[in-house]
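# Chain and residue survey
Residues per chain, in single letters:
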Amino acid sequence: HLAVQYAKAMGMRVIAVDIADEKLELAKKHGAEFTVNAAEVDPAEAVQEYTDGGAHGILVTAVHPQAFGQAINMARRAGTIVFNGLPPGEFPAPIFDIVLKGLTIRGSLVGDRQDQVEALDFYARGLIHPTVTECRLDDVNEVFTNMEKGKIDGRMAIRY
């Protein structure tokens, strides 16, 4: 939900892909103009059709190898893909498609100081509205259970 808001704040048009309708609703709430449930349809086909040729830029935050492979098929010629969440293991990369399309693939784990300054500026200007739910320290085990099941929207904050 934060990636959607930062992209919107930078003037980008956002497509959100997930396998949970609740997460897609949250993405819409925060500005995604189109959503794709990858459990129901092929996300690459849906993105290709919606964009008439693929997305210019793709940020992969899912920590599942399948999402990494799908990103390549969502990209248009000369598109850029940034891998952010890192799943264990490897994923098959279709070298022919990457070269033929002239894709740029980058990785990013954390930002630098300038990224932090820009992120805080977006927030200070009211462009970013994190979805945060408070819980008590006694609830932390339930929070972890819900997190493992993908049932948390946004972020959780422990109130001591």
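Scroll up to find the structure this text is about.
Fair warning: this is a prediction, and the values are worked out from it, not measured in the lab.

The rules behind these values
- Residues numbered from 1 in each chain as written.
- Predicted model: local features only at pLDDT ≥ 70, side-chain atom pairs only at ≥ 80, totals over all residues.
- Heavy atoms only, no water.
- Helix = DSSP H or I, 4+ residues; strand = E, 2+ residues; numbered from the N terminus.
- Contact = heavy atoms within 4.5 Å.
- Core = buried A, V, L, I, M, F, W, Y, C linked by side-chain atoms within 4.5 Å.
- Buried < 20%, exposed > 50% of the residue type's maximum accessible area, 1.4 Å probe, protein only.

For the rest of this paragraph, the subject is the environment of D153. Here D153 lies in the loop between α7 (140-148) and β7 (155-159). Note: C-alpha distance between D153 and A44 (109 residues apart in sequence) is 24 Å. Setting aside residues no more than four positions away along its own chain, D153 makes contact with E22, K23, L26 and T131.

Of note in this structure, D52 is not a glycine but carries a positive phi near 55 degrees. Topologically, D52 is positioned in the loop between α3 (43-51) and β3 (55-60). Located in the positive-phi region is A78, a residue other than glycine, with phi close to 70 degrees. Relative to the helices and strands, A78 resides in strand β4 (residues 75-83).

All right, on to the nonpolar core then. Within the largest apolar cluster, 17 residues are counted, with the highest numbers of intra-cluster contacts made by I58, V60, A71, I81, F83 and L103. Of all elements in the fold, only α3, β3, α4 (65-74) and β4 reach the threshold of two or more residues within this core. Core analysis: the second largest hydrophobic core is formed by 7 residues, V4, A7, L24 and A32 among them.

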